[in-house]
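Notes for the structure review
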Amino acid sequence: MSQPPGFSQHKQNQTQPEFKFRTKPVQERSIWESYAVLPARTRLYVSLGITAFAAIGIYASDKLEEVFPPPSAATPNPPSQAASSASS
């Protein structure tokens, strides 16, 4: 069987690089290293779960603000309005 031009035996035997954190014991890994070792599908599910949790939190926060509006007296007047009302 003929090889295409530029193909070498070295390219065929190449493997993915071995990362140091894959060989570390679990107790010595950081959170990032433990996350990086997870299979790609598991990392995807974890990321989607965190994203969904954040989106639900933002939506709930907006709805709670509609139900319980912030008090209007809690917002201070901007300095420009306070200076103009003091000079009158």
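Rules used in this analysis
Residues numbered from 1 in each chain as written. Predicted model: local features only at pLDDT ≥ 70, side-chain atom pairs only at ≥ 80, totals over all residues. Heavy atoms only, no water. Helix = DSSP H or I, 4+ residues; strand = E, 2+ residues; numbered from the N terminus. Buried < 20%, exposed > 50% of the residue type's maximum accessible area, 1.4 Å probe, protein only. Salt bridge = Lys/Arg side-chain N within 4 Å of Asp/Glu carboxyl O.

The number of helices and strands found in the protein is five helices and zero strands. A total of 88 residues make up the protein; the buried ones form 5% of that total.

Glancing now at the pattern of salt bridges. Considering all chains together, one arrives at two salt bridges under this definition. For Glu33, the salt bridge identified is with Lys24, shortest N-O distance 3.2 Å. Look at Glu33 and you get buried, because its relative accessible area is 15%. Assessed through its relative accessible area of 30%, Lys24 is described here as partly exposed. As a salt-bridge pair, Glu66 and Lys63 come within 3.7 Å of each other at their nearest N and O atoms. Residue Glu66 and its partner Lys63 are located together in helix H4 (residues 40-67), separated by three residues, close to a single helical turn.

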